[in-house]
Amino acid sequence: TQELLLNSEKLSVAGQLAAGIAHEVRNPLTAIKGFLQLMQSELNTHTTYFDIIESEMNRIELILTELLVLSKPQDLKFEMKDIAVIIEHVKALIDTNAIMKNIVINTYYECENLMIRCDENQLKQVFINLLKNSIEAMPDGGKITIEVINHGKDKVKILFKDTGSGIPKELLKKIGQPFFTTKENGTGLGIMVSKQIIENHHGTMHIWSDPHGTIIEIILPVK
Ligand code: ADP
Ligand code: MG
């Protein structure tokens, strides 16, 4: 366990570093983008160059946005929150998009009023990341089930199950490594950032997958 602890501390330093860099890079990037837009409207030439620059800048912004979710520890706001309320809020956020893609999201709670000490926005970000991945893994529709189950006396297990394409066994160990993606426009940061947030909440996150779907298991302490 000592080794595990050390490992997660290291991870958290890397996360802080990533968040710090993202904060620092965003301001100059915004300035450059603004001036490029001005130049483009004045010059009106080399449109394709500007298009390429713009789409690459947008990609950098997307990566920074994903990394910025890793707040500095001093910015974290831990409060007692009802986990079901958080999950239902995220479900409502994603539902329209899911329905359009023929995806049904079901939720199941083993018990009511389960309070956990958490930074609500961060947890929401984790759940959004996981639901997005599930949706992206089901281009022809399917089912997502979120289950909240008691786990021992003082923990809760949250399962995100989908009926998507799954993750090939040989890729499974790479999932969660920074920038590892199988998607054309993926950043490969969603799982890494989510795992980091869960660890900041003294929890764990694991992935199971086969060709019939994927299960993400999150275990968090309950107060
Ligand atoms: P991204 O979504 O930008 O690719 P993530 O870190 O969120 O980055 O996910 C990394 C990779 O893990 C994805 O590219 C995909 O191959 C795989 N993955 C994650 N979640 C799922 C899922 N629910 N079903 C199938 N594959 C998944
Ligand atoms: Mg993702």
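Above: the structure in question.
Attention here is on the structure that accompanies the text.

Rules behind the numbers
- Position numbers for residues count from 1 along each chain, tracking the sequence in the order it is written.
- By the order in which they are written, chains take letters starting at A while ligands take numbers starting at 1.
- Reporting in this predicted model follows two pLDDT cut-offs: at least 70 for local features of residues, and 80 or more for side-chain atom pairs to be given and counted; totals over whole chains, interfaces and linings ignore these cut-offs and use all residues.
- Counting from the N terminus, the helices are DSSP H or I runs at least four residues long and the strands are E runs at least two residues long.
- A helix is expected to span 1.5 Å for every residue after the first.
- To obtain the bend at a residue, axes are fitted to the seven residues ending there and to the seven starting there, and the angle between these axes is taken.
- Remark: C-beta atoms are placed from the backbone, and a residue is labelled buried if 20 or more other C-beta atoms sit within 10 Å of its own, exposed if 12 or fewer do, or partly exposed between those counts.
- Residues are defined as contacting one another if the C-beta atoms placed from their backbone atoms lie within 7 Å.
- We call a residue near a molecule or strand if the C-beta atom, set from the backbone, is within 6 Å of it.
- Amino acid classes used here: Ala, Val, Leu, Ile, Met, Phe, Trp, Tyr, Cys and Pro are nonpolar; Asp, Glu, Lys and Arg are charged; the rest, including Gly, are polar.
- To count as a nonpolar core, a set of buried Ala, Val, Leu, Ile, Met, Phe, Trp, Tyr and Cys residues must be joined through C-beta atoms within 7 Å.

1. Focus on helix α3 (residues 83–100)
Alright, step 1. With 18 residues, α3 should cover 26 Å at 1.5 Å per step; its first-to-last C-alpha distance of 26 Å lies within 8% of that length.
Alright, step 2. Along its length, α3 reaches its greatest deviation from straightness, about 45 degrees, at I94.
Alright, step 3. When α3 is considered as a whole, its buried residues turn out to be I83, I87, V90 and A98.
Alright, step 4. In this fold, the buried residues of α3 make contact with β1 (79–82), β2 (103–109), β3 (115–118), α4 (120–136), β4 (142–151) and β5 (155–162).
Alright, step 5. Directly after α3, the chain includes N102, whose backbone phi takes a positive value near 65 degrees.

2. Examining the site of ligand 1
Alright, step 1. In the vicinity of ligand 1, 22 residues are found, and the nearest of them are N133, A137, T181, G186 and G190.
Alright, step 2. Looking at the shell around ligand 1, the elements with two or more residues in it are α4 and α6 (190–200).
Alright, step 3. Among the residues forming the shell around ligand 1, the class breakdown is seven nonpolar, 13 polar and two charged.

3. Overview of the nonpolar core
Alright, step 1. Of all hydrophobic cores here, the largest spans 39 residues; its most connected members are L67, F127 and V156.
Alright, step 2. With six residues, α4 is the largest single contributor of residues to this core.
Alright, step 3. Once residues lying within four places of it in the same chain are set aside, the contact partners of V156 are I83, L114, I116, V148, N150, H151, L220 and V222.

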